[in-house]
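One letter stands for each residue in the lines below.
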Amino acid sequence: MTLLSTVRDPEKIAINSGKWNRAEAHHRNPKVADMLDYRWSISRSFHFSKNTFFHEYCGPITLFEIIALLLVIVLPIVVAIASGKGGSGSVTEYIMFLCVLVAIKTNVLQFLLGVSWERAILFHKVCGMVSLACAAIHGLGQLLSMSYSEILADPRAFSGMILLILLGLQPILYAVIKPYFFEVFYFLHLAVYFVMVYYAVEHGAPFVLYSVIVFAVDLAIRFLLSSYRVQATIESKPGDVIEMSFTKNMKFRAGQYVFLMIPKLGVYEWHPFTVSSAPHAEKMTLHIKALGDWTRKLAALAENGPAEVVAFVEGPYGLPAVNLEDETYQVVVLVSGAIGVTPHTSVASHLVEMHTRGGPLKKLVHVWALRDPKLALANTMMDSGHLPRNAVRDATAVKDKTDNTEEDMMLSSAGVIYSEVYCTNGKASNKTRVVIPTDAVETLPTEEADLEAATLSDAVVKNGRPDFTDIFARVKALALAVGEKRVAVSVCGPASMVQTATAACRAATSSEVQMDLHVEVFNF
């Protein structure tokens with residue numbers, strides 16, 4: 001199965017041998033393209049995969065993020081301790097302002113440093129804890145030395161006590177309520193924030209009030225420039241997937257996501273979903289796995305066939321830690337876990353489209369792990385047009401050479417695309433089968449896995465979990481064989497798979513081949 005998506009007839013695609021104009025191909029102003037290149041030149045060194053660490057709760061953290069977090073944690077606390085009672089209060093209000101600044105969706109960190117909004121949320125959490133620590137340094141000692149009646153009689157002491165309580169309440173709400181009732185947590189979180197602002201002003205910390213202005217400007221920008229009403233078509237697909245499509249009404253980059261709200265299911269519920277179609281496609285498409293209450297309600301709307309719904313879309317958001325739009329990376333590896341394939345359908349389709357316009361791309365490797373032995377999700381994505389059997393003539397299948405090693409297959413496969421599909425519910429086996437392009441159904445032996453429903457092509461299909469150590473070793477050999485010293489790697493899937501893939505990618509990185517890693521994690 002080649003991970004490609006194009007709206008054009010594969011038979012009619014030809015590689016453009018003319019001069020490659022990257023800015024024009026991406027529909028971007030040349031000056032903007034240059035500015036983004038300069039930004040990546042500065043920030044790329046902080047996103048190297050060998051400096052990416054995986055944390056159980058935070059997911060992947062780059063060296064840049066670790067340094068920035070240490071500065072955010074250590075510097076304010078040291079200044080608060082050194083500056084005494086008055087200075088520590090000022091530090092607290094500045095950190096509270098910064099806490100809001102990094103949480104808004106029109107995020108300055110995303111623009112300046114290439115850190116996406118969802119990654120900036122980590123800074124939001126840390127700033128919240130640091131503001132609590134600085135507030136405690138500022139006034140906890142004095143409050144403990146006062147009686148309750150004295151605190152009530154002193155407006156500044158009372159407002160300070162309320163602020164400390166509310167700052168301490170926020171992480172409790174996050175730990176106790178958010179995992180089970182996100183909407184309840186979200187609105188309580190906002191309500192507590194506005195009460196905190198009121199008492200901060202009462203306490204003599206007016207700078208916190210500016211955070212409300214920043215928050216309001218963010219809402220206005222999102223409402224006026226990033227929110228759209230669309231008439232969408234939804235349809236139930238095999239694999240418990242809902243396909244939603246609508247007329248494209250925004251510019252977006254491959255791999256980005258949007259927030260979706262359907263009034264029929266609740267006007268206060270906005271949920272993030274990756275755009276699975278590519279930027280050049282005529283329509284925007286989302287593939288949504290029915291896993292929670294909201295998504296199951298969405299699936300119920302289409303249980304009797306395709307249905308039309310009114311939806312509101314906000315975005316796009318998200319920014320990869322690896323710049324796939326420049327010419328640094330001519331070998332790209334996409335690792336997907338189940339529905340984590342959705343950003344990669346968009347990325348792969350975009351890369352191939354750029355390749356047909358003359359863009360440099362030597363090899364696109366896709367590794368996809370699926371639990372369903374029927375591979376219903378794979379067939380859903382293929383039927384949607386996002387996984388066609390033979391998307392470009394230059395990317396025809398690997399020949400059926402069952403005696404070849406997988407390394408030989410990756411190195412010798414024709415064209416620019418190579419794909420491996422793993423059925424993790426199947427019995428692990430060293431046997432592989434190369435499926436060549438055909439309209440006939442190709443299957444593995446039934447004793448290994450029940451794959452008779454699969455119509456995969458141009459892919460190595462294997463039972464068991466991916467051996468990422470072996471996969472990245474083969475990718476390294478591939479990069480050396482084609483003369484590339486840098487490889488772009490994107491991983492999207494469950495946390496356990498991402499952690500394993502991250503560790504293997506780091507281990508494979510060396511002075512010979514640098515693998516730069518972008519990671520997205522989802523948990524259910």
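Participant: Please clarify how the overall build of the protein chain should be interpreted in this entry.
Facilitator: Across its full length, the protein chain holds 16 helices and 15 strands. Split by element, the accessible area of the protein chain, about 23,800 Å² in all, is 60% carbon and sulfur.

Participant: Can you help me understand the nonpolar core in this one?
Facilitator: When a protein is soluble and globular, its nonpolar side chains tend to lie buried together. Counting residues in each nonpolar core, the largest one holds 30 residues, and the members touching the most others are Leu143, Ile151, Leu163, Met196 and Val208. Leu163 has contacts with Met96, Met196, Tyr199, Ala200 and His203, leaving out every residue within four places of it along the chain. By size, the runner-up hydrophobic cluster in this structure holds 27 residues, among which are Val333, Ile471, Val489 and Ala501.

Participant: Would you explain the pattern of salt bridges in this entry?
Facilitator: Two side chains with opposite charge may pair up if their charged atoms get near one another. Enumeration according to the criterion identifies 8 salt bridges in this entry. Linking Asp218 and Arg222 is a salt bridge whose minimum nitrogen-to-oxygen distance equals 3.0 Å. Pair noted here: Asp218 and Arg222 are both in helix α10 (residues 209-225), with a separation of 4 residues, about one helical turn. Here Glu484 ties to Lys362 by a salt bridge, and the two come within 2.8 Å at their closest N and O atoms. Here the residue Glu484 occupies a position in the loop between α15 (468-481) and β14 (486-494), and Lys362 occupies one in the loop between α12 (342-356) and β10 (363-370), the gap between them amounting to 122 residues. Look at Lys362 and you get partly exposed, because its relative accessible area is 33%. Through salt bridges with shared partners, a single ionic network connects Asp218, Arg222 and Glu314.

Participant: Just checking my understanding: could you explain unusual backbone geometry for this structure?
Facilitator: Comment: phi is negative for the bulk of residues other than glycine, and the bulk of peptide bonds are trans. With an omega of 5°, the peptide bond between Gly315 and Pro316 qualifies as cis. Phi is positive for Ala338, which is not a glycine, with a value near 55°. With respect to the secondary-structure elements, Ala338 resides in the loop between β9 (331-337) and α12.

Participant: Please clarify how the pairing of β9 should be interpreted in this entry.
Facilitator: Side-chain direction in a regular strand flips from residue to residue, so the side chains alternate between the two faces of the sheet. Counting buried positions over the 7 residues of β9 gives 7, a clear majority of the element. The two faces of β9 match: Val331, Val333, Val335 and Gly337 on one face and Val332, Leu334 and Ser336 on the other face are all buried. In this sheet, β10 lies alongside β9 in parallel orientation, the contact comprising 7 bridges. Across the sheet, residue Gly337 finds its bridge partner in β10, namely Ala369.

Participant: Explain the environment of Leu173 here, please?
Facilitator: Locating Leu173 in the fold gives a position in helix α8 (residues 155-176). In the structure, Leu173 is positioned 15 residues away from Leu188 in sequence and 8.1 Å away in space, judged by C-alpha atoms.

Participant: Can you help me understand the sheet that holds strand β5 (residues 257-261) in this one?
Facilitator: What holds strands together in a sheet is hydrogen bonding between their backbones, with the strands either parallel or antiparallel. One open sheet holds the 6 strands; their spatial order is β6-β5-β8-β3-β4-β7, and the pairing between them is antiparallel. Since the sheet does not close on itself, it has two edges, and those belong to β6 (271-274) and β7 (283-289), each with one partner. Ignoring strand direction, the axes of neighbouring strands in this sheet form an average angle of 40°. Across the sheet, α10 touches β3 (227-237) and β8 (307-317), and the angle it forms with β3 is around 65°. Strands β3, β4 (241-247), β5, β6, β7 and β8 of the sheet are contacted by helix α11 (residues 293-301), whose axis makes an angle of about 70° with β4.

Participant: How should the side chain of Ser490 be read in this particular structure?
Facilitator: Position of Ser490 among the secondary structure elements: in strand β14. Beyond its immediate sequence surroundings of up to four residues, Ser490 is in contact with Val333, Leu334, Val335, His344 and His518.

Participant: Explain the side chain of Gln170 here, please?
Facilitator: Relative to the helices and strands, Gln170 resides in helix α8. On the accessibility criterion, Gln170 (12% relative accessible area) is buried. Leaving out residues up to four positions away in the same chain, Gln170 has contacts with His189, Val192, Tyr193 and Met196.

Quick notes on the rules
Residues numbered from 1 in each chain as written. Predicted model: local features only at pLDDT ≥ 70, side-chain atom pairs only at ≥ 80, totals over all residues. Heavy atoms only, no water. Helix = DSSP H or I, 4+ residues; strand = E, 2+ residues; numbered from the N terminus. Areas by Shrake-Rupley, 256 points an atom, 1.4 Å probe, with all protein chains shown as cover. Core = buried A, V, L, I, M, F, W, Y, C linked by side-chain atoms within 4.5 Å. Buried < 20%, exposed > 50% of the residue type's maximum accessible area, 1.4 Å probe, protein only. Contact = heavy atoms within 4.5 Å. Salt bridge = Lys/Arg side-chain N within 4 Å of Asp/Glu carboxyl O. Pairing = 2+ DSSP bridges. Axes fitted to C-alpha atoms, helices over the stretch in contact; angles between N-to-C directions.

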